[in-house]
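A closer look at the structure
Residues per chain are reported as follows:
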Amino acid sequence: MNVLFSNKDLKKMLIPLVIEQVLVMLVGMVDTVMVAWAGEAAVSGVSLVDMVNYLVITVMAALTTGGSVILSQYLGSRQPEKASFSAGQLMTTSALLSTGIMAVCLLFRHGILRLFFGAVEADVMEAAILYFVVTACSFPFLGVYNSAAAQFRAMGKTDMTMYVSLLMNVLNIVGDFIGVYIMHAGVLGVAVPTLISRAVAAVVMTALAFGRGNEVCLAWKNIFAWDSGEVSRILRIAVPGGLENGLFALGKVLVTSIVAQFGTIQIAANGVANSVDQIAIIVVSAVNLAVITVVGQCEGAGDHEQSQYYTKKLMKISYVSTAILGGLVCLSLPVLLKFYQLGEETLHLAAVLIIMHNVLAFLLHPTSFNLANSLRSAGDVKFTMYVGIGSMIVFRLGSAVLFGIVLNWGVLGVWCAMGMDWLARSVAFAVRYRSKKWMEYQVI
């Protein structure tokens, strides 16, 4: 078999993606750690809004995922001119969508937060609204950044996205330090740096995307030349993914609204755990992005055999890394949790949640997410959408109500429901992949 990607190619692609995911995770942890100095109400407010922001960011990411699949398949079929045109259409669509989402969030900020988290204390809601308003203003910048980043990932030039992500996160961390410790601005001290860092990253990433030396090159004529056919190709992948991932994220927000009923201690523990548990799945998250490029190019070249070969190879990397990182996190919890200036009861509960997450992540996360992205890259997006939505409603949300409220297990029951959701997704995607029906789809 004449392989499309050597081990060196995969390493060159994965290492920057892993570093980038470390940086993304670090920002969330730093925000939570620093805002913790303003008290449990502040950290609770930020953690609640982060769930709503996760919903928005996930929907926008689905669009760039759709664009990445199209770009990768064009490159795999040796059509760089069409890939460049598609990159321009992706940029236009992403900018319009993200701006519209920002407008909705700003106009209906009170209603959105009260709908999901109306049961929280007044000081928590005040912190949440302030954080939501400022971070919502960053959505257009994030949409533009993601679009340009998708272009480089499709080409396999992940080092570019790593460097810009490094710049963005350094700006954010420095800004957090100034805002919280020097200016004592509390929630505002971590929100404003997020806005500024995303704006800078969007400008830099877009400027790089215009580089003439790129195999896929952004051009103004392609950005302003609206082509309904090309946009439709992107949306045929993006819309099912957006619905699936959006409802998945919405389910997480609804689950968080359930957690919000359990009191400030459980809310804060949930927020701390959500920031720390990302460590174990850093490589899985990087592989999620790599799978789109690798499988997309294989499918564009019409080589199903290599699609299967690389899917299995990348998933093995995910399993091994999750076992190692998850184990290290569990062993280092006594040190990690000292960074959070919260009560003993809150930190003990957070430790239990983190250990639970890491065990489940090792068992189920790669099949639940890496395998799903492989199917999407081949164009099998409707199946993943149906499975994702169904599993979210029945297991993630339904079981959270049953375990968390009815059986009164609290936040522990909510996290058990998460494991059931991952199990259902894993079984469904594994069966679908083995059936080879994904080979029947044609994207370009």
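Keep in mind that what you see is a predicted model, and the values were worked out from it rather than measured.

With that out of the way, let us pick up the overall build of the chain. In terms of regular secondary structure, the chain is built from 16 helices and 0 strands. On C-alpha atoms alone, the chain measures out to a radius of gyration of 21 Å, which is about the 22 Å that the 2.2 N^0.38 rule sets for 444 residues. With the C-alpha coordinates of the chain rotated into their principal frame, the extents come out at 55 × 45 × 35 Å. Across the 444 residues in the chain, those meeting the buried criterion constitute 58%. Put simply, of all contacts in the chain between residues at least 6 apart along the chain, 85% involve residues at least 24 apart. In the structure as shown, the chain presents an accessible area of about 17700 Å², 68% of it carried by carbon and sulfur atoms.

The subject of this paragraph is the packing of aromatic side chains. Any two aromatic rings considered together are summarised by their centre-to-centre distance and by the angle between their planes. Following the criterion strictly, the structure yields 10 aromatic pairs and no others. Ring geometry for Tyr 309 and Tyr 310: centres 5.0 Å apart, planes at 70 degrees, overall edge-to-face. Three or more aromatic residues link up through ring pairs in this structure, and these residues are Phe 5, Tyr 309 and Tyr 310. The ring of Phe 369 carries the charged tip of Arg 425 above its face, separated from the ring centre by 4.7 Å. The ring of Phe 383 carries the charged tip of Arg 432 above its face, separated from the ring centre by 4.4 Å.

Take the side chain of Ser 197 next. Turning to its location among the elements, Ser 197 is positioned in helix 8 (residues 187-209). For Ser 197, a relative accessible area of 3% translates into the label buried. In this structure the side chain of Ser 197 is engaged in a polar contact, spanning 3.0 Å, whose partner is the backbone oxygen of Thr 194. Ignoring sequence-local partners within four residues, the contact set of Ser 197 consists of Met 168, Leu 171 and Asn 172.

For the rest of this paragraph, the subject is the state of the cysteines. Across all of its chains, the model carries 0 disulfides by this definition. Cys 416 carries a free sulfur, and the closest cysteine sulfur to it, the one in Cys 330, is 16 Å from it.

What follows concerns the nonpolar core. Ranked by size, the top nonpolar core spans 113 residues in total, and within it Leu 113, Phe 117 and Tyr 145 carry the most contacts. Counting residues in each nonpolar core, the second largest holds 15 residues, with Val 283, Val 291, Val 295 and Leu 314 among its members.

For the pair helix 14 (residues 344-377) and helix 16 (residues 411-435), the least separation of the axes is 8 Å and the interaxial angle reads 20 degrees. Looking at the two axes, helix 14 sits roughly parallel to helix 16. Between helix 14 and helix 16 the crossing geometry is left-handed. Of the residues contributing to the contact of helix 14 with helix 16, the split by class is 21 nonpolar, 7 polar and 2 charged.

All chains considered together, the criterion is met by 2 cavities of 30 Å³ or more. Surrounding the second largest cavity, Ala 62, Thr 65, Gly 66, Ile 237, Ala 238, Gly 241, Asn 245 and Arg 376 form its lining. When contributions to the lining of the second largest cavity are tallied by element, the ones reaching two or more residues are helix 2 (40-76) and helix 10 (228-259). Tallying contributions element by element places helix 10 first for the lining of the second largest cavity, with 4 residues. Here the residues of the lining of the second largest cavity sort into 3 nonpolar, 4 polar and 1 charged.

For the coordinates displayed, the defined rule picks out 6 salt bridges. In this structure, Glu 230 and Arg 233 form a salt bridge, with 2.9 Å as the shortest nitrogen-oxygen distance. With Glu 230 and Arg 233 both in helix 10, this residue pair falls 3 residues apart, about one helical turn. On the basis of relative accessible area, Glu 230 is assigned to the buried category, the value being 5%. Judged by relative accessible area, Arg 233 falls into the partly exposed class, the value being 27%.

What follows is about helix 6 (residues 139-155). The end-to-end C-alpha distance of helix 6 is 25 Å, a good match for the 24 Å that 17 residues give at a rise of 1.5 Å each. Where burial is concerned, most of helix 6 is hidden: 16 out of the 17 residues are buried.

Phi at His 184 takes a positive value of approximately 50 degrees, unusual for a residue other than glycine. Turning to its location among the elements, His 184 is positioned in the loop between helix 7 (158-182) and helix 8. Overall, the relative accessible area of 63% leaves His 184 in the exposed class. Residues other than glycine seldom take positive phi values, yet Lys 436 does so here, at roughly 65 degrees. Looking at the element boundaries, Lys 436 is found in the segment after helix 16.

This part covers the confidence of the model for the chain. Here the chain averages 88 in pLDDT, while 98% of its residues score no lower than 70. No element of the chain has a lower mean pLDDT than helix 10, at 80, and none a higher one than helix 16, at 95.

The subject of this paragraph is the packing of helix 2 against helix 5 (residues 122-136). One can describe the packing of helix 2 onto helix 5 by two numbers: an axis separation of 8 Å at closest approach and a directional angle of 45 degrees. Judged by the angle between their axes, helix 2 and helix 5 are oblique. Two packed elements cross with a definite hand, and for helix 2 against helix 5 that hand is right-handed. Where helix 2 approaches helix 5, its residues Ala 41, Ala 42, Ser 44, Gly 45, Val 46, Leu 48, Val 49, Asp 50, Val 52 and Asn 53 are matched on the opposing element by Asp 123, Val 124, Ala 127, Ala 128, Tyr 131, Phe 132 and Thr 135. Each residue belonging to the contact of helix 2 with helix 5 can be placed in one class, and the counts come to 11 nonpolar, 4 polar and 2 charged.

About the cut-offs
Residues numbered from 1 in each chain as written. Predicted model: local features only at pLDDT ≥ 70, side-chain atom pairs only at ≥ 80, totals over all residues. Heavy atoms only, no water. Helix = DSSP H or I, 4+ residues; strand = E, 2+ residues; numbered from the N terminus. Rg over C-alpha atoms; globule rule 2.2 N^0.38 Å. Buried < 20%, exposed > 50% of the residue type's maximum accessible area, 1.4 Å probe, protein only. Contact = heavy atoms within 4.5 Å. Areas by Shrake-Rupley, 256 points an atom, 1.4 Å probe, with all protein chains shown as cover. Phe/Tyr/Trp six-rings, centres within 6.5 Å; stacked < 30°, edge-to-face > 60°. Lys NZ or Arg CZ within 6 Å of the ring centre and 35° of its normal. Polar contact = N/O pair within 3.5 Å; in protein donor to acceptor, adjacent residues only side chain to side chain. Disulfide = S-S within 2.5 Å. Core = buried A, V, L, I, M, F, W, Y, C linked by side-chain atoms within 4.5 Å. Axes fitted to C-alpha atoms, helices over the stretch in contact; angles between N-to-C directions. Parallel < 35°, antiparallel > 145°, perpendicular 65-115°, else oblique. Left-handed = near helix turned anticlockwise from the far one by under 90°. Nonpolar A, V, L, I, M, F, W, Y, C, P; charged D, E, K, R; others polar. 1 Å grid on protein atoms, 1.4 Å probe; cavity = no way out; pocket = protein on both sides within 12 Å on 5 of 7 lines; lining within 4 Å. Points joined across faces, edges and corners; volume = space filled by probe spheres on them. Salt bridge = Lys/Arg side-chain N within 4 Å of Asp/Glu carboxyl O. Expected span 1.5 Å × (residues − 1). pLDDT = per-residue confidence, 0-100.

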